[in-house]
Amino acid sequence: MRFLRNRSVGDGLSEANRSWLRRQLLKIGRRSVVTSCRAVVLPRFGGPEVLELRPDVDVPDLKQNEILVRAHAVSINPLDTRMRSGYGRSIFEPLLPLILGRDVSGEVAAVGASVRTLNVGQEVFGALHPTAVRGTYADYAILSEEELTPKPVSVTHVEASAIPFAALTAWRALKSTARITEGERVLVVGGGGAVGFSAIQLSVAAGCSVTTTCGSQSVDRALAAGAEQAVDYTTEDVESAIKGKFDAVLDTIGIPENERIWINFLKRGGHYMTLQGEAASLTDSYGLAFGLPLATAILLKKQIQYRYSHGIEYSWTYMRADSEGLDAIRRLSEAGKLKIPVEKTFPITQVREAHKAKDKKHIPGKVVLELD
C-alpha cells in the first residue's frame, strides 16, 4: 500500500504531539494515512479465475459520514459468488471493475467529519448494502457510520466477519417486515444457511417458537440454536412433518414451485418473505427500463393475490443498513445468543481457491478471507 507523507506537518513536535496531530487529521476525515491498498478486483464476470488481487488500488476520499476500516477478515456470501458470475449484470456491468465483498471486521483507520459514534483505533464490524460497488475484499474498506458498530469483544475478527450481512438480512425480514413478537410461531425454510441460521437465533431471542427445514448435517445445530423442530428435507416429507400454522415464514431457498407449500402454512394475517425476489433476474433479462417495472408489477400482483386468497402479506426481502438492527445483533453476539460458525478460512491471496470451493460446494458452511 502507498502512504501520504507531509514532512512539514509535525516537524519539531514531540512524539506525543505528533501522535495527537495524526489522530486529529484522521478524525476530520483527511486520508493522511492510506491512498491505495491491496484489493480483489472483478474486471469482468465469470468463474473464480477472473478475480484479480491487485496491489495498488486507489482508496477514495472519505465522505463526511464514512469510515475507513482496516480489514482483518471479510466473509464470502452467496451474493459475492453470484455477482462474480453475472447476477445483477444490468446494474454492475457499467461499473466494472468493482470490488466484491459485503461483510467486514477490522479497526477504524479514519473517520469522516460528521462521524460521532466511532473513533480511530476502535474495533468494528458491519456490512455494506448489496448494491455497493467498492466492496470489502480489500485491506481498507469504506462503510458509512450506520453500516458499522463496535465489534463484540467476545468474538474474533474471523467470527465477527461472518455475522452482519446474513444477520441483517434476517433482521429486516423478521423484525422490520413481519415484526415478530414473543409467543409467535416462525417457520424458517433453509435453516442451515447463514441467513436461515441467523433467523432461527433472532426468532428464539425474540421469544418465538421456531420450526425450520434444513439438510441432515444441520439438524443438530438448528436444534442446539433453539429451534423446537428441525425437519430434514432430504429424508422427510415436510408437508406432513410440519404441524400447525405460523405467524411468519422466511423462505431463504426460494424455489418457485415450493412457494405454495410455505404459503399454506401461514395463519391469516401472517407474513411470507422470500430472499429470492425476481427484481435482479428480470432486470438482467430485460434491462432496467423494462425489467424493473415488470418486477414491480409481478410483486404487486402476488401481494394482491395472496392477500385476497390467503389473507397474508407477501414480500421480497433484502438486506439493508439498519443501525438499530446492527446494534441489536452486536448485543446478541456479545451475549452468545447469535453465532454463525465459520467452516474454513483462506488468506486473501487465495481468494480464487475460496470461491472455487464455494462454487463446487466443497465447503457447506461459512468461508472467511483473512487479510492480516
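Our subject is the structure listed above.
Below or above, wherever it landed, is the structure these notes cover. (Residues numbered from 1 in each chain as written. Predicted model: local features only at pLDDT ≥ 70, side-chain atom pairs only at ≥ 80, totals over all residues. Heavy atoms only, no water.)

Regarding the overall build of the protein chain
Piece 1. Scanning the protein chain for helices and strands turns up 13 helices and 16 strands.
Piece 2. When each of the 372 residues of the protein chain is scored for burial, the buried share is 52%.
Piece 3. A separation of at least 24 residues holds for 68% of the contacts in the protein chain among residues at least 6 apart in sequence.
Piece 4. Split by element, the accessible area of the protein chain, about 17000 Å² in all, is 51% carbon and sulfur. (Helix = DSSP H or I, 4+ residues; strand = E, 2+ residues; numbered from the N terminus. Buried < 20%, exposed > 50% of the residue type's maximum accessible area, 1.4 Å probe, protein only. Contact = heavy atoms within 4.5 Å. Areas by Shrake-Rupley, 256 points an atom, 1.4 Å probe, with all protein chains shown as cover.)

Observations regarding the packing of helix 2 (residues 78–85) against helix 13 (residues 351–359)
Working note: a packed helix pair is described by the angle between its axes plus the distance between those axes.
Piece 1. For the pair helix 2 and helix 13, interaxial distance at closest approach is 11 Å and the crossing angle is 100 degrees. Regarding the angle of helix 2 to helix 13, the classification is roughly perpendicular. Taking contact as the criterion, the partners of Asp80, Thr81 and Arg84 in helix 2 are, on helix 13, His355, Lys358 and Asp359.
Piece 2. Taken together, the residues that form the contact of helix 2 with helix 13 break down as no nonpolar, two polar and four charged. (Axes fitted to C-alpha atoms, helices over the stretch in contact; angles between N-to-C directions. Parallel < 35°, antiparallel > 145°, perpendicular 65-115°, else oblique. Nonpolar A, V, L, I, M, F, W, Y, C, P; charged D, E, K, R; others polar.)

A short note on the sheet that holds strand 10 (residues 209–214)
Piece 1. Strand order across the open sheet formed by six strands is 11-10-9-12-13-14, with parallel pairing between neighbours. On the outer flanks of this sheet lie strand 11 (229–232) and strand 14 (313–316), each paired with one strand and no other. Strand-to-strand twist in this sheet, taken as the mean axis angle between neighbours without regard to direction, amounts to 15 degrees.
Piece 2. Strand direction decides the pairing type here: strand 9 (residues 185–189) and strand 10, joined by five bridges, are parallel. Looking at the pairing, valine 188 lines up with threonine 212 of strand 10.
Piece 3. Contacting strand 9, strand 12 (246–251), strand 13 (266–274) and strand 14, helix 5 (residues 164–177) crosses the sheet at an angle of about 150 degrees to strand 13. (Pairing = 2+ DSSP bridges.)

Notes on the nonpolar core
Among soluble globular proteins, nonpolar side chains are generally buried collectively.
Piece 1. Counting residues in each nonpolar core, the largest one holds 96 residues, and the members touching the most others are Leu68, Tyr137 and Leu369.
Piece 2. Beyond its immediate sequence surroundings of up to four residues, leucine 369 is in contact with His72, Ala73, Val74, Ile76, Tyr137, Phe346, Pro347, Ile348, Val351 and Ala354.
Piece 3. Membership of the second largest hydrophobic core comes to 19 residues, among which are Val231, Phe265, Tyr272 and Tyr306. (Core = buried A, V, L, I, M, F, W, Y, C linked by side-chain atoms within 4.5 Å.)

Overview of the packing of aromatic side chains
Two aromatic rings are characterised by how far apart their centres lie and by the angle between their planes.
Piece 1. Under the defined criterion, the tally for this structure stands at four aromatic pairs.
Piece 2. Judged by centre distance (6.3 Å) and plane angle (25 degrees), the ring pair of tryptophan 262 and phenylalanine 265 falls under stacked.
Piece 3. An angle of 25 degrees between the planes, with centres 5.4 Å apart, marks the rings of tyrosine 306 and tyrosine 314 as stacked. Grouping residues by exposure puts tyrosine 306 and tyrosine 314 together as buried.
Piece 4. One aromatic cluster is present, formed by Phe246, Trp262 and Phe265 through successive ring pairs.
Piece 5. Above the ring of tyrosine 87, the side-chain terminus of arginine 82 is found at 3.9 Å from the ring centroid.
Piece 6. The ring of phenylalanine 246 carries arginine 185 above its face, with NZ or CZ at 4.1 Å from the centroid. (Phe/Tyr/Trp six-rings, centres within 6.5 Å; stacked < 30°, edge-to-face > 60°. Lys NZ or Arg CZ within 6 Å of the ring centre and 35° of its normal.)

A look at a nonpolar patch on the surface
Piece 1. Nonpolar side chains collect at one region of the surface, where Ile91, Leu95 and Val133 lie side by side and expose about 200 Å² of accessible area between them.
Piece 2. By the secondary structure assignment, valine 133 is in the loop between strand 6 (123–127) and strand 7 (140–144).
Piece 3. A relative accessible area of 31% places valine 133 in the partly exposed class. (Patch = residues over 30% accessible without salt bridge, like charges linked within 9 Å, V, L, I, M, F, W, Y side chains within 5 Å. Salt bridge = Lys/Arg side-chain N within 4 Å of Asp/Glu carboxyl O.)

Details of helix 6 (residues 194–205)
Piece 1. In a regular helix each residue adds 1.5 Å, so 12 residues correspond to 16 Å; helix 6 covers 16 Å between its end C-alpha atoms and thus fits that length.
Piece 2. Burial within helix 6 is extensive, with nine of its 12 residues counted as buried.
Piece 3. Within helix 6, the full set of buried residues consists of Val195, Gly196, Phe197, Ser198, Ala199, Ile200, Gln201, Leu202 and Ser203.
Piece 4. Next to the buried residues of helix 6 lie helix 5, strand 9, strand 10, helix 7 (219–224), strand 12 and helix 12 (323–334).
Piece 5. Once helix 6 ends, the next one or two residues include glycine 207, with phi positive near 85 degrees. (Expected span 1.5 Å × (residues − 1).)

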